[in-house]
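Listed below, chain by chain, are the residues.
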Amino acid sequence: MQYLRATSIYIALMTLVVVSSNYLVQFPMPGTVLGINLSDLLTWGAFTYPAAFLVTDLTNRQFGPKIARRVVFAGFVVGVALSFYTSMPRIAMASGTAYLVGQLLDISVFNQLRRQSWWQAPLAGSMLGSALDTLLFFSLSFAPVFGFLGANDDFAIGSAPILGVFATEAPRWISWAIGDFAVKLIVGLLMLLPYGALMSVLKPMPPAKTV
């Protein structure tokens, strides 16, 4: 019973992160930093989504990779369902694919490094998972080569100065991806604080007994 209750909490937390991120991605972040218009690069969803890696890593630490994958798949089902309801099919497919592959990579990397220093597994897992998540989402969503998934967004693939400030130009979705990944890196580092605080409380548990 304790085992089921604990895993249910992780599934609920992952669902909350996915639902919140899908909602907050609709709201651009206001303000300007170093001449960069943040609303052109970021949404509030970029700040909540990295918490998914924290949930995955805590699950992995306490219950191992098998249960962590179950939590990820639960979030995947919710995320894809919401994305198809709230966005274009191409965006929904990109979002679901990026989430699933990025989280599974995080689980694999974490499991390989779990016996190293306490911070190495969650940091490496979330950084590599975030990088792959960002690459997949923005490429599948906007790169013309993936146009077979849905219509191309003319504004996204239009050329503009990188980050809005550099002389070199690139499709706008490249700047969106750079901004998104930069936030994931920062938030990923900050997520080490709650992970470090909780790891002494959430001890690894033995596998559940089967009947």
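Residues numbered from 1 in each chain as written. Predicted model: local features only at pLDDT ≥ 70, side-chain atom pairs only at ≥ 80, totals over all residues. Heavy atoms only, no water.

**Some remarks on the UniProt feature "transmembrane region" (unreviewed entry) in the protein chain**
Here comes step 1: UniProt records the feature "transmembrane region" (unreviewed entry) for residues 7–25, 31–55, 67–85, 123–149 and 181–202 in the present numbering.
Here comes step 2: With 100% helix and 0% strand, residues 67–85 has end C-alpha atoms that lie 28 Å from one another.
Here comes step 3: Its end C-alpha atoms 29 Å apart, residues 181–202 is made of 82% helix and 0% strand. (UniProt positions renumbered as here; feature names shortened; annotations may be inferred. Helix = DSSP H or I, 4+ residues; strand = E, 2+ residues; numbered from the N terminus.)

**What to know about the nonpolar core**
Taken as a class, soluble globular proteins show a tendency for nonpolar side chains to be buried jointly.
Here comes step 1: Formed by 23 residues in total, the largest nonpolar core has its most connected members in Tyr10, Met14, Val55, Tyr99 and Tyr195.
Here comes step 2: Of all the secondary structure elements, the ones that give two or more residues to this core are helix 1 (2–24), helix 3 (51–63), helix 4 (65–86), helix 5 (89–113) and helix 9 (192–199).
Here comes step 3: If you tally residues by element for this core, the top one is helix 3, at 6 residues.
Here comes step 4: Those residues within four positions of Tyr10 in sequence are excluded, and the remaining contacts are Val55, Leu58, Thr59, Gln62, Phe63, Val71 and Leu202.
Here comes step 5: With 22 residues, the next largest nonpolar core counts Ala94, Phe137, Leu163 and Val183 among its residues. (Core = buried A, V, L, I, M, F, W, Y, C linked by side-chain atoms within 4.5 Å. Buried < 20%, exposed > 50% of the residue type's maximum accessible area, 1.4 Å probe, protein only. Contact = heavy atoms within 4.5 Å.)

**Topic: the pattern of salt bridges**
Here comes step 1: Summed over the entire model, instances satisfying the criterion amount to 2 salt bridges.
Here comes step 2: The closest approach of N and O atoms between Lys184 and Asp133, which form a salt bridge, is 2.6 Å. With Lys184 in helix 8 (residues 172–190) and Asp133 in helix 6 (residues 120–142), the pair connects residues that are 51 residues apart, well separated along the chain. When sorted by exposure, Lys184 lands in the same class as Asp133, which is buried.
Here comes step 3: Put simply, Lys184 and Asp180 hold a salt bridge, and the shortest N to O gap is 2.9 Å. Here Lys184 pairs with Asp180, and both are found in helix 8, just 4 residues apart, close to one helical turn. Exposure class is identical for Lys184 and Asp180. Each is buried. (Salt bridge = Lys/Arg side-chain N within 4 Å of Asp/Glu carboxyl O.)

**Focus on the side chain of Asp106**
Here comes step 1: Relative to the elements of secondary structure, Asp106 occurs in helix 5.
Here comes step 2: Dropping the residues within four chain positions of it, Asp106 is found in contact with Phe53, Thr56, Asp57, Gly125 and Ser126.

**What about the packing of aromatic side chains?**
Here comes step 1: Evaluation of the coordinates by the stated rule reveals 12 aromatic pairs.
Here comes step 2: Centre to centre, the rings of Trp118 and Tyr195 are 6.4 Å apart; their planes meet at 10 degrees, and the pair counts as stacked. Of this pair, Trp118 sits in the loop between helix 5 and helix 6 while Tyr195 sits in helix 9, placing them 77 residues apart in sequence.
Here comes step 3: Three or more aromatic residues joined by ring pairs make a cluster, and in this case those are Phe137, Phe138, Phe142, Phe155 and Trp176.
Here comes step 4: One Lys or Arg, Arg172, reaches over the ring of Phe155 and ends 4.1 Å from the middle of that ring. (Phe/Tyr/Trp six-rings, centres within 6.5 Å; stacked < 30°, edge-to-face > 60°. Lys NZ or Arg CZ within 6 Å of the ring centre and 35° of its normal.)

**Topic: helix 9**
Here comes step 1: Restricting attention to buried positions, one finds in helix 9 the residues Leu192, Tyr195 and Met199. Projected down its long axis, helix 9 carries its buried residues within an arc of 60 degrees, all on one side.
Here comes step 2: On its buried face, helix 9 sits against helix 3, helix 5, helix 6 and helix 8. (Arc of directions from axis to C-beta.)

**A closer look at the layout of surface pockets**
Gaps between atoms show up when a probe of the same size as a water molecule is rolled over them.
Here comes step 1: Taken as a whole, the largest pocket encloses approximately 1,200 Å³ of empty space.
Here comes step 2: Taken together, 45 residues form the lining of the largest pocket, with Val25, Thr43, Phe137, Phe138 and Asp180 sitting closest to its centre.
Here comes step 3: Within the residue set of the lining of the largest pocket, elements represented by two or more residues are helix 1, strand 2 (36–37), helix 2 (45–48), helix 4, helix 5, helix 6, strand 3 (159–161) and helix 8.
Here comes step 4: Among the elements that take part in the lining of the largest pocket, helix 4 stands out by supplying 6 residues, more than any other.
Here comes step 5: Across the lining of the largest pocket, the residue classes tally to 22 nonpolar, 18 polar and 5 charged. (1 Å grid on protein atoms, 1.4 Å probe; cavity = no way out; pocket = protein on both sides within 12 Å on 5 of 7 lines; lining within 4 Å. Points joined across faces, edges and corners; volume = space filled by probe spheres on them. Nonpolar A, V, L, I, M, F, W, Y, C, P; charged D, E, K, R; others polar.)

**Quick look at the environment of Leu202**
Here comes step 1: Mapped onto the secondary structure, Leu202 falls in the segment after helix 9.
Here comes step 2: Residues within four places of Leu202 in sequence aside, it is in contact with Tyr10, Leu58, Arg61 and Gln62.

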